[in-house]
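Architecture and fold: a report
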Amino acid sequence: MSDASASHAADRRELTAAQRNAVAELLRVSPVADELGRRFARAGHELHLVGGSVRDALLGRLGDDLDFCTDAHPDETLRIVRGWAESIWETGREFGTIGCQRDGLRLEITTFRAESYDQVSRNPVVEYGTDLAEDLRRRDFTINAMAVSLPEHRFTDPHGGLDDLAAKVIRTPGTPAESFGDDPLRMLRAARFAAQLCFVVHPDAYAAMTRMAGDLDRITAERIRDEFTKLLCGADPITGLRLLVDTGLAERFLPELTGLKLEIDEHAQHKDVYEHTLTVVSNAVSYETEGPDFILRMAALMHDIGKPATKAVGTDGRVSFHHHEVVGARLTKARMKALRYPKETTSKVTALVALHLRFYGYGRGEWTDSAVRRYVADAGDLLPRLHKLTRSDCTTRNRRKAAQLAADYDALEERIARIAAEEDLARVRPDLDGNAIMELLGVPPGPVVGEAWKHLKELRLERGPLDRDEAEAELLRWARDRGL
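Residues numbered from 1 in each chain as written. Predicted model: local features only at pLDDT ≥ 70, side-chain atom pairs only at ≥ 80, totals over all residues. Heavy atoms only, no water.

**A word on helix 17 (residues 324-338)**
For clarity, the threshold we go by: Counting from the N terminus, the helices are DSSP H or I runs at least four residues long and the strands are E runs at least two residues long. The span one expects for a helix is its residue count, reduced by one, times 1.5 Å. Only protein chains enter the calculation, and the probe is 1.4 Å; a residue is then buried if its accessible area is under 20% of its type maximum, exposed if over 50%, and partly exposed in between. Contacts are assigned to residue pairs with any non-hydrogen atoms lying within 4.5 Å of each other.
In this model helix 17 runs 21 Å from its N-terminal to its C-terminal C-alpha over 15 residues, within 8% of the 21 Å that 1.5 Å per residue would give. Listed in full, the buried residues belonging to helix 17 are His324, Glu325, Val327, Gly328, Ala329, Thr332, Arg335 and Met336. Each element contacted by the buried residues of helix 17 is listed here: helix 12 (250-253), helix 13 (255-258), helix 15 (294-302), helix 16 (307-310) and helix 18 (343-355). Among the residues trailing helix 17, Arg340 stands out with phi positive, at a value near 65 degrees.

**Some words on the environment of Asp378**
In this fold, Asp378 is placed in helix 19 (residues 369-379). A sequence separation of 27 residues divides Asp378 from Ala351, and the C-alpha atoms of the two residues are 8.8 Å apart. Dropping the residues within four chain positions of it, Asp378 is found in contact with Leu355 and Arg358.

**Overview of helix 2 (residues 31-42)**
Compared with the 16 Å implied by 1.5 Å per residue over 12 residues, the 17 Å span of helix 2 between its first and last C-alpha is a close match. Val32, Ala33, Asp34, Leu36, Gly37 and Phe40 are the residues of helix 2 that are buried. Just past helix 2, the residue Gly44 takes up positive phi, approximately 85 degrees.

**Thoughts on the sheet that holds strand 3 (residues 87-89)**
Condition: Only when DSSP finds a minimum of two bridges between them are two strands counted as paired. Lines are fitted to the C-alpha atoms to define the axes, a helix being fitted only along its stretch in contact, and any angle between axes, read from their N-to-C directions, falls within 0 to 180 degrees.
Taking strand neighbours across the sheet as the criterion, the 7 strands line up as 3-4-5-2-1-6-7 in an open arrangement whose pairing is mixed. A single partner strand is all that each edge strand has here, and the edge strands are strand 3 and strand 7 (155-156). Pairing between strand 3 and strand 4 (residues 97-102): 3 bridges, direction antiparallel. The residue bridging Ser87 from the neighbouring strand is Gln101, located in strand 4. Contacts between helix 2 and the sheet are confined to strand 1 (47-50), strand 2 (65-70), strand 4 and strand 5 (105-111), with strand 5 contributing the most and set at about 35 degrees to the helix. Here helix 4 (residues 74-81) sits on the sheet and contacts strand 2, strand 3, strand 4 and strand 5; the angle it forms with strand 4, its principal contact strand, is near 10 degrees.

**Concerning the nonpolar core**
Put simply, the test is: Only buried residues count toward a nonpolar core. Its members are Ala, Val, Leu, Ile, Met, Phe, Trp, Tyr and Cys residues joined through side-chain atoms within 4.5 Å.
By size, the foremost hydrophobic cluster in this structure holds 103 residues, and its most contacted members are Phe68, Phe228, Leu241, Leu244 and Leu301. Beyond its immediate chain neighbours, meaning those up to four positions away, Leu241 contacts Phe228, Leu231, Leu232, Leu257, Tyr274, Leu278 and Leu301. Ranked by size, the runner-up nonpolar core spans 7 residues in total, among them Cys69, Leu132, Leu136 and Ala147.

**Quick notes on the packing of aromatic side chains**
Heads up, the condition is: Here a pair means two rings of Phe, Tyr or Trp (six-membered ring of Trp) with centres within 6.5 Å. Their orientation is stacked below 30 degrees between planes, edge-to-face above 60, and tilted elsewhere. Whether a charge sits over a ring depends on NZ of Lys or CZ of Arg being within 6 Å of the ring centre and within 35 degrees of the ring normal.
Across all of its chains, the model carries 3 aromatic pairs by this definition. With a centroid separation of 5.9 Å and an interplanar angle of 90 degrees, the aromatic rings of Phe141 and Phe193 are classed as edge-to-face. Note that Phe141 is positioned in the loop between helix 5 (132-137) and strand 6 (147-149) and Phe193 in helix 8 (residues 185-197), a separation of 52 residues in sequence. The pair Phe141 / Phe193 is uniform in exposure class, with both members buried. Each ring, one from Phe228 and one from Phe253, has its centre 5.6 Å from the other, and the planes form 70 degrees; the classification is edge-to-face. Taken together, the residues span a long stretch of sequence, with Phe228 in helix 10 (residues 221-232) and Phe253 in helix 12 at a distance of 25 residues. A single burial state applies to Phe228 and to Phe253, both of which are buried. Over the aromatic face of Phe193 sits the side chain of Arg192, whose NZ or CZ is 4.5 Å from the ring centroid.

By themselves, these are just geometric observations and shouldn't be taken as functional.
This is the structure:
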């Protein structure tokens, strides 16, 4: 063996020892796991810390959720944890999982499984397995197919997960075709883990993802949505997004992303919209201050999806995308609805897409105080995110232009702050409330009050705060013009 090879082998042995010590440390500081293991042992059953819990312990990022597997069936698991667990839930019982809580830890205990898809249905067919080896063999990736037996602390790694963890490789325990055929969502999970862990997908798995991308159509929108959300909120979402596009997976549930790869005409050039979009997502991530912000990241991803449908080449050879923000907002709403995102989340992302171009033109000195008020009012509580999205959208390589755009937006934010301090912009509303309107006009609750309220709000946006006398005079003038 060469000196280099010997050194590499020594490093690997040291790394393995360090990672094994991490598991021992986990169990030392988590006596709950050993205590639970002893309860199962007394009942004549096995218990193993397994899957993501072992992986995350080895990576030094374990949270308060622990996953276990056992040969005990759900009814027996319930008998074992009753009286010991502080709370119990059975929401995953149909999949063989019983959940409980103890000492601030959430524990999920699942019966050994040999689940697979029938290659047609959208949900797994759950069959209980008989041993740990079978359970680990059916797991998605080798890095999730390791276990620590309790209370003995025996480490089990039949598929080389420890080596793959050290090499930062995502690989399936068996053949990728078998694994992805059993559950096509695992293809999306591979991209998600690449984004979360900054790992590389093994070439065999990558090839299978490309070849089998169409199988993702068997998976429900909700399951796809959850995996995609985790991917986009990963430490390196760009790697995950590229995997989705390059393997063809994106085409199955987010074709608008693939559609951003517009053909560049040498005579009518414009920036590469796909690469620009990935840069905007990366920029948005850099502006986050309190962890991943899905709404901001999704808005960054979708902000230009209206461009393919609005692309036009003028007689001067210049490319334009007029009103692409309007088209993009509509497409975003439809796509997020198809993926079953909550209405509130969809509404916020859609609003950001619709507003992302509003700033351009400010530097030309065209904005009045009224325009600034409307910008703030239309953004509402999305204003901080809109600031970040607009800044992220500046990807020009022209340093002078980039500096000018940044200076213009600095000026806008300063102007917003000044007007906000003077007028309480965070709560722009009419200078008279509904009760005052009804009293002054002598009308009961109804459409007239709402119309009057909107009129006064428009005045508030246009002119800023009015004193009481001015507001009342304007309301009476409006009422007279309407014949009230």
